[in-house]
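# Reading the structure
So the chains spell out like this:
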Amino acid sequence: MQFMLLFSRQGKLRLQKWYVPLSDKEKKKITRELVQTVLARKPKMCSFLEWRDLKIVYKRYASLYFCCAIEDQDNELITLEIIHRYVELLDKYFGSVCELDIIFNFEKAYFILDEFLLGGEAQETSKKNVLKAIEQADLLQEVCCSLPSS
Amino acid sequence: MALKIVKGSIDRMFDKNLQDLVRGIRNHKEDEAKYISTCIDEIKQELKQDNIAVKANAVCKLTYLQMLGYDVSWAAFNIVEVMSSSKFTYKVSCSQLQLQSVDAVLITTIINSVSLPLVTQDLSSPNQYDTGVALTGLSCFVTPDLARDLASDIMTLMSHTKPYIRKKAVLIMYKVFLKYPESLRPAFPRLKEKLEDPDPGVQSAAVNVICELARRNPKNYLSLAPLFFKLMTSSTNNWVLIKIIKLFGALTPLEPRLGKKLIEPLTNLIHRALDLLYGMVSKKNLMEIVKKLMLHVDKAEGTTYRDELLTKIIDICSQSNYQYITNFEWYISILVELTRLEGTRHGHLIASQMLDVAIRVKAIRVFAVAQMATLLDNGHLLTGNMQRNGICEVLYAAAWICGEFSEHLEDPMQTLEAMLRPKVATLPGHIQAVYVQNAAKLFATVLRKQEGTTDSLAAQETSQLLIDRLPLFVQSANLEVQERASCILQLVKYIQKLQQKEVEVAEEVTALFAGELNPVAPKAQKKVPVPDGLDLDAWINEPPSESESEDEKPKAIFTKEEPKHTRPRHTEVDEKELARRREARKQEQANNPFYIKTSPSSQKVYQDQPGVEHIPVVQIDLSVPLKVPGMPMSDQYLKLEEERRQKERSERKKKEKKKKREKHGRGRRADSGPESEEDITPAHHVDIVTEEMPEVCWVLLQSGYFIPQVMSAQFLFQKSTKHKKKKQKKEKEEKEKKKKKKHHHHHHHHHHHLHSADESVQNGTVEEEEEPLPVRTWPSLLTHVYDVQGNLQDGSQVVVSVIFENKTDHFLKSMEFNVLDSLNSKLQRPEGSSPHDGLAVPFQLPPGVSNEARFVFSVQSIVMPQKLKGTLTFIVKTEDASTHEKLDFKLHFTCTSYLITTPCYSDAYAKLLESGELKSSSLKLEGVIMPFHHLLARICFHHHFSVVERIDSCASMYSRSIQGHHVCLLVKTVSTRPPYISSLLL
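Note that this is a predicted model, so its numbers are computed, not measured.

What follows covers the overall build of chain B. Helix and strand counts for chain B stand at 38 helices and 15 strands. Of all 986 residues assigned to chain B, the portion counted as buried reaches 52%. For chain B, contacts bridging at least 24 residues in sequence account for 68% of all contacts bridging at least 6. Within the structure as shown, chain B displays about 46,200 Å² of accessible surface, and the carbon and sulfur contribution to it stands at 54%.

Residue and element names in this part refer to chain A. Together, Lys25, Lys28, Lys29 and Arg32 give the surface a local cluster of positive charge. Among the structural elements, Lys29 can be located in helix α1 (residues 24-39). Judged by its relative accessible area of 46%, Lys29 falls in the partly exposed class.

What follows deals with the packing of aromatic side chains. Scanning all chains against the criterion turns up 14 aromatic pairs over all chains. An aromatic cluster is defined as three or more aromatic residues linked by ring pairs; in this entry it consists of Tyr322, Phe328, Trp330 and Tyr331 of chain B. Over the aromatic face of Tyr61 of chain A sits the side chain of Lys59 of chain A, whose NZ or CZ is 5.4 Å from the ring centroid.

Attention now goes to empty space enclosed by the protein. On inspection of all chains with the given rule, the structure shows 16 cavities of 30 Å³ or more. Each pocket or cavity is described by its volume, and for the largest cavity that value is around 190 Å³. Every residue lining the largest cavity is counted, 17 residues in all, and those nearest its centre are Ile82, Glu121 and Ala122 of chain A together with Asn208 and Lys243 of chain B. Secondary-structure elements contributing two or more residues to the lining of the largest cavity are α2 (76-94) and β7 (121-122) of chain A together with α12 (200-216) and α14 (238-251) of chain B. Ranked by residues supplied to the lining of the largest cavity, first place goes to α14 of chain B with 4 residues. Residue composition of the lining of the largest cavity, grouped by class: 7 nonpolar, 6 polar and 4 charged.

In this section: the layout of surface pockets. Residue and element names in this part refer to chain B. For the largest pocket, the calculated volume is near 1,700 Å³. If you tally residues by element for the lining of the largest pocket, the top one is helix α15 (residues 256-280), at 13 residues. Of the residues assigned to the lining of the largest pocket, the class counts are 21 nonpolar, 11 polar and 7 charged.

Residues and elements named next belong to chain B. Put simply, helix α19 (residues 347-360) and helix α20 (residues 365-377) touch, their axes get as near as 9 Å, and they point 145° apart. Taken as a pair, α19 and α20 cross one another with a handedness that is left-handed. Across the interface between the two elements, Met354, Ala358 and Ile359 of α19 pack against Arg365, Ala368, Met372 and Leu375 of α20. The class makeup of the residues in the contact of α19 with α20 is 6 nonpolar, no polar and 1 charged.

Residue and element names in this part refer to chain A. Strand order in the open sheet formed by 5 strands is β2-β1-β5-β4-β3, and the pairing between neighbours is antiparallel. Both outer strands of the open sheet, β2 (13-18) and β3 (48-51), are each paired with one neighbouring strand and no more. Direction aside, the axes of adjacent strands within the sheet are offset by 20° on average. Sheet topology places β3 next to strand β4 (residues 54-61); 4 bridges connect them, and they run antiparallel. The residue of β4 that forms the bridge with Trp51 is Leu54.

The next point concerns unusual backbone geometry. All names here are of chain B. Backbone geometry at Tyr322 places phi at a positive 60°, although glycine is not the residue there. Among the secondary structure elements, Tyr322 is positioned in helix α17 (residues 303-322). With a relative accessible area of 9%, Tyr322 lands in the buried category. Phi is positive for Glu502, which is not a glycine, with a value near 65°.

Summing up the model confidence of chain A, the mean pLDDT is 84 and the portion of residues at 70 or higher is 93%. For chain A, helix α5 (residues 127-146) of chain A is the element with the lowest average pLDDT, namely 74, and strand β5 (residues 64-70) of chain A is the one with the highest, namely 92.

Here we come to the nonpolar core. Counting 89 residues, the largest nonpolar core has Tyr331, Leu338 and Met354 of chain B as its most contacted members. Counting residues per element, this core draws most heavily on helix α24 (residues 429-452) of chain B, at 12 residues. For Tyr331 of chain B, the contacting residues outside a window of four places in its chain are Ile314, Cys317, Ser318, Tyr322, Ile325, Gln353 and Val357 of chain B. If you look at the next biggest cluster of nonpolar residues, it comprises 74 residues, including Leu15, Ile78 and Phe106 of chain A together with Ile36 of chain B.

This part covers the pattern of salt bridges. Between side chains of opposite charge, a pair can form when the charged atoms approach closely. If you walk through the whole model with that rule in mind, you get 22 salt bridges over all chains. Where Glu124 of chain A meets Lys167 of chain B, a salt bridge forms, and the shortest distance between an N and an O atom there is 3.0 Å. With Glu124 of chain A in the loop between β7 and α5 and Lys167 of chain B in helix α10 (residues 163-179), this residue pair bridges two chains. The exposure class of Glu124 of chain A is buried, given its relative accessible area of 3%.

Calculation rules
Numbers given for residues are sequential positions, taken from 1 along each chain in its written order. By the order in which they are written, chains take letters starting at A while ligands take numbers starting at 1. The predicted nature of this model means local features are confined to residues of pLDDT at least 70 and side-chain atom pairs, given and counted, to a pLDDT of 80 or more, with totals for whole chains, interfaces and linings taken over all residues. The side-chain figures draw on all heavy atoms in the structure; neither hydrogens nor water molecules are used. Helix numbers and strand numbers start at the N terminus; a helix is a DSSP run of H or I with at least 4 residues, a strand a run of E with at least 2. Exposed residues in this analysis have more than 50% of their type's maximum accessible area, buried residues have under 20%, and partly exposed residues fall in between, with area computed by a 1.4 Å probe over protein chains only. Whether two residues are in contact is decided by their heavy atoms: any pair within 4.5 Å suffices. Computed by Shrake-Rupley with a 1.4 Å probe, the accessible areas treat only the displayed protein chains as cover when residues are assessed. Think of a patch as exposed residues, more than 30% relative accessible area, with no salt bridge, where like charges cluster within 9 Å and nonpolar side chains (Val, Leu, Ile, Met, Phe, Trp, Tyr) cluster within 5 Å. Salt bridge criterion: a side-chain nitrogen from Lys or Arg within 4 Å of a carboxyl oxygen from Asp or Glu. His is not counted here, nor are the chain ends, while Lys and Arg score as positive and Asp and Glu score as negative. Charge placement uses NZ in Lys and CZ in Arg. For Asp and Glu, CG and CD serve respectively. The rule is short: rings of Phe, Tyr and Trp, with Trp giving its six-membered ring, pair when the centres are within 6.5 Å, and they are stacked under 30 degrees, edge-to-face over 60, tilted in between. For a ring to carry a charge above it, either NZ of a lysine or CZ of an arginine must fall within 6 Å of the ring centroid while also lying within 35 degrees of the normal to the ring plane. Here a cavity is any set of points on a 1 Å grid over the protein atoms alone where a 1.4 Å probe fits but cannot get out, and a pocket is any open set with protein on both sides within 12 Å along at least 5 of 7 lines; a residue lines the site when it has an atom within 4 Å of a point. Grid points are joined across faces, edges and corners, and a volume is the space filled by probe spheres set on the points. In the scheme used here, Gly and all other residues not listed as nonpolar or charged are polar, with Ala, Val, Leu, Ile, Met, Phe, Trp, Tyr, Cys and Pro taken as nonpolar and Asp, Glu, Lys and Arg as charged. A fitted line through C-alpha atoms represents every axis, and for helices the fit uses only the stretch in contact; the resulting angles, taken between N-to-C directions, go from 0 to 180 degrees. Should the near helix be turned counterclockwise from the far one by less than a right angle, the crossing is left-handed, whereas a clockwise turn marks it as right-handed. Between any two strands, at least two bridges found by DSSP are needed for them to pair. Scored from 0 to 100, pLDDT records how confident the predictor is in each individual residue. Put simply, a nonpolar core is a bunch of buried Ala, Val, Leu, Ile, Met, Phe, Trp, Tyr and Cys residues held in one set by side-chain atoms that sit within 4.5 Å of each other.

Here's what the structure looks like:
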């Protein structure tokens, strides 16, 4: 996977994760282009589209679009599965997740994504393990915050 | 110092945190840019402070701003600074930022100069989450330089003790390999090791990495194929499976042998997918899905796989009564297309679908007939190859459809011609038979058409065609074909004669096959009302007299027996079914050479060589066959014959009873159990079922096993305990019954159970070595019929067969059967379970279904009756909920349960009595008004005794227990007094 974008129906970017080094300018350009393309598509249209030399797999959950770019030989269905698994993880962590959860706790959303995907590849397929790792990290963070450094 | 901390904290309180920033931005929709620029100014201030917490907060906010598209690269240095802090939270946010904020060039320089030591320091941090964050961060900005510098560090981490780290390290290695391919060679062995890592997460990460690598250069990974094959067959992780299959996709072009090996596991996976299809079809997508499947059918190489696809197509289409098919013409075409498959085994399936659709969908017949006619015409294509004979089954359907619905045929003459080709004679017999029969139907249709056109010659030619072709079938080796062909041939010859006399015959020939065939539901018969005046139970002929059955008895002891007036019995479907099943089981046991049937050798002491004529077969006319155990193998045939006769007899009897029931039964049934005692007295004859049972028990009555316990076992085994006898007598007096005490006992039983626990217990005797058959009923919930059987191989075991019948409308599942062990009897549980564990009943019960489970009990002493308490727990599943239910029951093991009818000769019997090894006791029964021979019959039947000798009103009887105890019984009638029973026990 090359990158993953989350954006709202209004086209606001909510989360972005790039697994290939690109310049900011380029990233912005890609984001703008993709958001436009995906938002213009009708609900009954296919979730996969070819874009440049990549394939775009997107899925809409409520007001949020989850959009992934994969390489030519990658499988679209498993990418869709990855998106769904990520949503499941968010849902489990936040408890019926909504867009606001991701806006206000976007670092958590990133963290969950990092536990699930690494370098664009699925890292942990077990939901339980991902959430366990996040819980541990949360615990660690709380300990840090309650003891401010000198 | 402390003051500083406090100050810092207070400062922070007034600082905007990330949440505030987000909220603020959302509140300034109109002037977002302005708001953000003030925020950035604030952040710049914060970054200048000493407090690392403040800086971290600032960096956090930068992350967000960066995502919104603002340039934050000016803060790169601060970001790295925060990242280098030892606090976890700060790193988390920084690792996010590093990816996004800093462009590649900057990062390389920064990391190489400043943060490389920091990152490597993190990599070896004792805290797995610190290391984890470092790795996650690294994953996003691996550059060739970085990859080169860090490769060996990450490689070490691949063997970290924590799977969490191993997993991440393995995945990062992929990025490293891509940027710095030289690292692959040294790292590969370790990576390969990870494929068999005990942690599934690490394993799947390794699979992932290797699969991705292999895709780029498959040749180098061929050696891993066996390992992946193993993973594929053992892994249950779908994510991993998909990757592996992709890998194999890359490998198979390089190694053709691999393809062959993969067929099986892959088809397994495909089957799962096909099963999914089954569930996802709808009216809308059915055609589309089937079209896709047909494409696969064409492409499929293996026959098995193709057959699987074929059955799936038919399954999918025909599911829920063709619910999803909107166009049957389409379906017929699909079926016809499927017939073109080479070498399929499912011709029969296709044929039955064709028949089903053509019969049930009237509107489709015209189309179907046309298609079938084409099929018949091209029949040679289907039969051409002997290997394809599976498919020729469809010709069966084609011929039948064309014949039956021949009025729709466009050119019946052509079809008729096709059906009479000599080549047809190579088809299997049953198909030929259909051909011949339907050729006749077609002939009728053709005649009709031809006679209508005044072309009488054409009609005669048609007849001649049949006369010419049919002899081929008359010679067929298949009887059915031969018979039909010769019959039709003669018919046609006769028709031809008439035709020559210019007689119009078409009308009459058509009449041969008149009448339309309508589809009938399997249960339709039930809906047909019985016409008025038809009595299905009435005898068509006079029933054979009872004496006939008496004649069959060889020198029976009770020859003076009058014909019995048996009481009515209820019959229902499951009575026969139950009886048949039990019968079958007995039969199986009897025919099984490993099943010990004969009595142990101890018996032989008192016995001469048993011969057929010696066996005191006590023929008691009961509706349940009384088999004689202990015969040598050679007598089995005799026994079978005997049983057959008895069965016939009992069937006759049943019918008779049914008839009687018509007269008396109904009214009585309403009586409840206990009151019925009055009823019982007068007509209480030898068999069974005489007591009135409450409604709930009828099932059991009908089961044919249910026979009242004539005599409680205590009687026979009463070695001691006078007080017990007294007690029994007392009971008797109390009730002032004129019946035998046993009845008492029995009713007492009843009384108790029916009223206290809503359940009834009945004991009865079945055939052979079996035993009282107590029965329990839970009204409208669950019926239990049970049968206690001595285990002939093991004198200390009893097998209890329980038939559970679900009488509710709900599904019952998770049944557990548990019995509270007594000192004497224990339920045999699997090893390792505690004595309080229940045994799972190995099936579930849909409504109205019954099934049988067996439980083994070990019994120590068989000289005392047993009552075991138990519970059955189960889950009742209703539409919206499932409830856990519990039912208590009691199991009764009477002493006679353990007895086996064993023949004994009078001399052996005399020896036994003389031996003095027997203990004796006696008992007097008053109020028995039953004729003596009835009494004997009942003892024989219900308690497995055999009569040794009978002189007037005395009789000596014998039986043996499963543990080899001899039981001798002397029954005497004292003048007008009731019989006097004494028993002896060794």
